[in-house]
Amino acid sequence: MTKMKKAIISQLIAAMLLLGGCIKEIDATGGTATESQVTLETLLRGIPAAMVKAGSAGYAGQGAAWDFGYPAIHLAMESMTGDLVITGSIGYDWFGQWGTNEALGGDYAVCVLTWNTFYTWIQMANEVIKKIDANGDYSALDATQRAYLGHAYAYRAMFYLDLVRMYEFRPNTVTDGENVLGLGVPIIMPDTPESVAKNNPRARVEDIYNNVIFPDLDMAEELLTGYTAPDKYTISLACVYGLKARAWLERGKPTDDADDNTEAFRKAAEYARLAITTSGCTPLTQSQWEDPSNGFNNANANNSWIWGLALPSESVGALFCFTAHMSTESWSAYASEVGRGINKNLYNSIDNHDFRKHSWLDPDRNFYNYQSCRPDGREYFSQTLKDYANIKFRPAQGNYIDFMSGGAADHACMRVEEMYFIEAEATAHLSGRLTEAVQLLNSFMNTYRMTDGYTYDCTNRARNVESFTNELMLQKRIEFWGEGVVMFDMKRLNISSRRGYVGTNSPASYRLNCDGRAPYWNFVISRGETQNNTALANYNNPDPSGKVKPWTE
């Protein structure tokens, strides 16, 4: 039995334990479910269960508290942006390697967090696709099978999209990857034999988009048209449109005037708008954003989330979940000791009448009447948490004492707000439509984010597409702080990151400054993979570890 097959089986067993009696044996025709359909449902439900599973990379048993799946990957990426700082003790920061650019080379365990998990999830999606094996004839499938197949294609497209955005080497001022320019990741399909997998080169980025990501999303769109997702935890047609918007935005190149480049931005804007209208979702209100019990932890407490992941309380590990590392109000976890907060410069760029500023504690605690799930909240915020610490991510149900209940937080994977930003950015790159893009961003901010009757207007900061994009990205970084969204944008747009400056609130070892994209945004393939797959031996991304020295005064 291959190593990958063993990983899939272990993930499925874990998924079945997570699901327990929740698997509904239903049939599209109303009769009793067939054995194949029950198996398909188990396989499919196993994917999101595996994505939040503690130990998904195989290191939880060794005490590596960064090993809890997709939410951990998002936290790792956030730690690399420069927008997130540690306001408390760095000794409790399990994501310090990503935050300080140390030990990120292929010889280190942290590399498997992204590589092993994503390929395990891809293989799980492949198993569903292989089991249905429609060979392009969808007419023979019943409604349930069509939905399962559509979901599997959407998952696989999302996984490859994330992998390409992580591992494609983008030029920077620190490391040289001339020999891997234009390369993405190896492609594994349902019919890929083990012999090929052991000598499987990195496919060209363009080929992955053209032969996997976009075809998979097209098939998912076809199969899920007319399908109604039963909840926010199930991939919907709107989610597929959102994935298309992300992918087409990535394909657009701001410095390229070619017709296909214009088409990429046009499609990004089009699919972003389709995601907005099809989902029926609306941006978070101020009360939902600041909710001390449900803030950024409950997919059903708002109308913003297009898709999210659920973590059952019985599956919560004390130190192996997002809440344990990010929710500063939690009592029995790392988060309050680490005190993840916002870069002081980014905080100071937020308008005082933008309610998103309330997500972080101002040095003047009287700046706002901060709400807490703790009865001693005001005292706790003033005497325990440091300036600029975040209170954006609340313990589930506001339960700051019990780690199982408080840690069982839903994890946002796509909010409708992202689509507004994609639509505005893509529109700005279309000929003669910069003014329209400015209006889109102004409208979003004034309709959904500004308070007390104050008006946001970026017109004077949008003299051209570049200056507009900088302003849009400032607002996007504020909007999605901590959610694992903006590193991809910063890498794509060659945006600088800075934690080192006079008056910084970042610990000394984290004060990394990069002119343009950071070298560590080009993820390194794990040693285990380069040893097992001979085609990768000489085609890994350069190790960025320690190549950017901390800034000193």
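Right above here is the structure, for reference.
Peer 1: It is not clear to me how the overall build of the protein should be interpreted in this structure. Could you clarify?
Peer 2: A count of helices and strands for the protein gives 21 helices and six strands. Taking 24 Å as the expected radius of gyration for a compact globule of 553 residues, we find that the protein reaches 22 Å, a close match to that expectation. Taking all 553 residues of the protein together, 60% fall into the buried category. Residue pairs at least 24 apart in sequence account for 71% of intrachain contacts in the protein once pairs closer than 6 positions are excluded. When the accessible surface of the protein is summed, it comes to about 21,300 Å², and 48% of that surface belongs to carbon and sulfur atoms. In the protein, which carries 49 positive and 64 negative side-chain charges, the distance between the mean positions of the two groups comes to 3 Å.

Peer 1: Would you mind going over the packing of helix H17 (residues 416-428) against helix H19 (residues 465-479) with me for this structure?
Peer 2: Packed helices, taken two at a time, are described by their axes: the angle between them and the distance between them. The geometry of H17 relative to H19 is characterised by a closest axis approach of 10 Å and an angle of 175° between their N-to-C directions. In terms of orientation, H17 lies roughly antiparallel with respect to H19. In contact with Glu-417, Phe-421, Ile-422, Ala-424, Glu-425 and Ala-428 of H17, H19 contributes Val-465, Phe-468, Thr-469, Leu-472, Gln-475, Lys-476 and Glu-479. The residue makeup of the contact of H17 with H19, split by class, is seven nonpolar, two polar and four charged.

Peer 1: What's the story with helix H6 (residues 143-167) in this structure? I'm lost.
Peer 2: Along an α-helix, a turn takes 3.6 residues, which lines up residues three or four apart on a common side. Relative to the 36 Å expected for 25 residues at 1.5 Å per residue, H6 spans 36 Å between its end C-alpha atoms, a close match to the ideal helical length. In terms of burial, H6 is a largely internal element, 23 of the 25 residues being buried. The distance from a side-chain oxygen at the start of H6 to the backbone nitrogen of Thr-144 is 3.1 Å, and the residue carrying that oxygen is Asp-142.

Peer 1: Honestly, the packing of aromatic side chains in this entry has me stumped. Any pointers?
Peer 2: Both the distance between ring centres and the angle between the ring planes are used here to describe each pair of aromatic rings. For the structure on display, the rule yields 34 aromatic pairs. Where Tyr-167 meets Phe-523, the ring centres are 5.9 Å apart and the plane angle is 65°; that geometry is what we call edge-to-face. Of this pair, Tyr-167 sits in helix H6 while Phe-523 sits in the loop between strand S6 (513-514) and helix H21 (527-532), placing them 356 residues apart in sequence. Note on accessibility: Tyr-167 and Phe-523 belong to one class, buried. Arranged with centres 6.3 Å apart and planes meeting at 50°, the rings of Tyr-380 and Phe-381 form a pair that is tilted.

Peer 1: It is not clear to me how the packing of helix H5 (residues 112-132) against H6 should be interpreted in this structure. Could you clarify?
Peer 2: Put simply, H5 and H6 touch, their axes get as near as 9 Å, and they point 155° apart. Looking at the two axes, H5 sits roughly antiparallel to H6. Handedness of the crossing formed by H5 with H6: left-handed. Its residues placed into classes, the contact of H5 with H6 shows 19 nonpolar, three polar and two charged.

Peer 1: Help me understand helix H9 (residues 237-251) in this model?
Peer 2: Spanning 15 residues, H9 covers 21 Å between terminal C-alpha atoms, matching the ideal 21 Å at 1.5 Å per step. Within H9, 15 of the 15 residues are buried, which leaves the element mostly enclosed by the surrounding structure.

Peer 1: Would you mind going over the pattern of salt bridges with me for this structure?
Peer 2: Summed over all chains, the structure comprises 33 salt bridges. Put simply, Arg-449 and Glu-417 hold a salt bridge, and the shortest N to O gap is 3.1 Å. Placement of the pair is Arg-449 in the loop between helix H18 (434-448) and H19 and Glu-417 in helix H17, with a sequence separation of 32 residues. In this structure, Arg-449 and Glu-479 form a salt bridge, with 2.9 Å as the shortest nitrogen-oxygen distance. Of this pair, Arg-449 sits in the loop between H18 and H19 while Glu-479 sits in helix H19, and the two are 30 residues apart along the sequence. Assessed through its relative accessible area of 0%, Arg-449 is described here as buried. Put simply, Asp-354, Arg-356, Lys-392, Arg-415, Glu-417, Arg-449, Glu-479 and Glu-483 are held in one network by salt bridges that share partners.

Peer 1: Quick question: what am I supposed to make of the nonpolar core here?
Peer 2: The nonpolar side chains of soluble globular proteins are, as a tendency, buried together. One finds Met-51, Tyr-155, Tyr-160 and Phe-468 to be the most contacted residues of the largest nonpolar core, which totals 166 residues. Leaving out residues up to four positions away in the same chain, Tyr-155 has contacts with Leu-44, Ile-47, Pro-48, Met-51, Ala-125, Ile-235 and Trp-307.

Peer 1: When you look at unusual backbone geometry in this model, what are you seeing that I'm missing?
Peer 2: Generally, phi is negative for residues other than glycine and the peptide bonds are trans, each holding for most cases. We note that Asn-101 has phi near 60°; this positive angle belongs to a residue other than glycine. Along the chain, Asn-101 turns up in the loop between helix H4 (96-100) and H5. Residue Gln-397 is not a glycine yet carries a positive backbone phi of 60°. Relative to the helices and strands, Gln-397 is located in the loop between helix H15 (377-383) and helix H16 (403-407).

Peer 1: What is the right way to read the side chain of Asn-390 from this model?
Peer 2: By the element assignment, Asn-390 lies in the loop between H15 and H16. Side-chain polar atoms of Asn-390 contact the backbone oxygen of Met-326, separated by 3.1 Å. Within polar-contact distance, the side chain of Asn-390 engages the backbone nitrogen of Phe-393 at 3.4 Å.

Peer 1: How do you make sense of empty space enclosed by the protein when you look at a structure like this?
Peer 2: Empty space among the atoms becomes visible once a probe the size of a water molecule is rolled across them. With the rule as written, the count across this model stands at nine cavities of 30 Å³ or more. Around the largest cavity, the lining is made up of 22 residues, and of these Arg-165, Arg-246, Glu-418, Gly-484 and Val-485 lie nearest the centre. Put simply, the parts of the chain that give the lining of the largest cavity at least two residues each are helix H3 (70-79), H6, H9, strand S4 (411-415), H17 and helix H20 (486-493). Ranked by residues supplied to the lining of the largest cavity, first place goes to S4 with four residues. Taken together, the residues of the lining of the largest cavity sort by class into 10 nonpolar, two polar and 10 charged. Space inside the second largest cavity adds up to approximately 140 Å³. In terms of lining residues, the second largest cavity is bounded by 16 residues, among which Trp-98, Leu-104, Cys-111, Phe-523 and Val-524 are the most central.

Peer 1: What is the right way to read the state of the cysteines from this model?
Peer 2: In a disulfide, the sulfur atoms of two cysteines are held together by a covalent bond. The final tally for this structure, using the stated rule, is zero disulfides. The cysteine Cys-373 is free of any disulfide, with Cys-321 supplying the nearest cysteine sulfur at 14 Å. When its relative accessible area of 17% is taken as the criterion, Cys-373 is described as buried. Cys-514 carries a free sulfur, and the closest cysteine sulfur to it, the one in Cys-111, is 18 Å from it. Take Cys-514: its relative accessible area is 4%, and that puts it in the buried class.

Definitions and cut-offs
- Residues numbered from 1 in each chain as written.
- Predicted model: local features only at pLDDT ≥ 70, side-chain atom pairs only at ≥ 80, totals over all residues.
- Heavy atoms only, no water.
- Helix = DSSP H or I, 4+ residues; strand = E, 2+ residues; numbered from the N terminus.
- Rg over C-alpha atoms; globule rule 2.2 N^0.38 Å.
- Buried < 20%, exposed > 50% of the residue type's maximum accessible area, 1.4 Å probe, protein only.
- Contact = heavy atoms within 4.5 Å.
- Areas by Shrake-Rupley, 256 points an atom, 1.4 Å probe, with all protein chains shown as cover.
- Lys, Arg positive; Asp, Glu negative; His and termini not counted.
- Charge placed at Lys NZ, Arg CZ, Asp CG, Glu CD.
- Axes fitted to C-alpha atoms, helices over the stretch in contact; angles between N-to-C directions.
- Parallel < 35°, antiparallel > 145°, perpendicular 65-115°, else oblique.
- Nonpolar A, V, L, I, M, F, W, Y, C, P; charged D, E, K, R; others polar.
- Expected span 1.5 Å × (residues − 1).
- Polar contact = N/O pair within 3.5 Å; in protein donor to acceptor, adjacent residues only side chain to side chain.
- Phe/Tyr/Trp six-rings, centres within 6.5 Å; stacked < 30°, edge-to-face > 60°.
- Left-handed = near helix turned anticlockwise from the far one by under 90°.
- Salt bridge = Lys/Arg side-chain N within 4 Å of Asp/Glu carboxyl O.
- Core = buried A, V, L, I, M, F, W, Y, C linked by side-chain atoms within 4.5 Å.
- 1 Å grid on protein atoms, 1.4 Å probe; cavity = no way out; pocket = protein on both sides within 12 Å on 5 of 7 lines; lining within 4 Å.
- Points joined across faces, edges and corners; volume = space filled by probe spheres on them.
- Disulfide = S-S within 2.5 Å.

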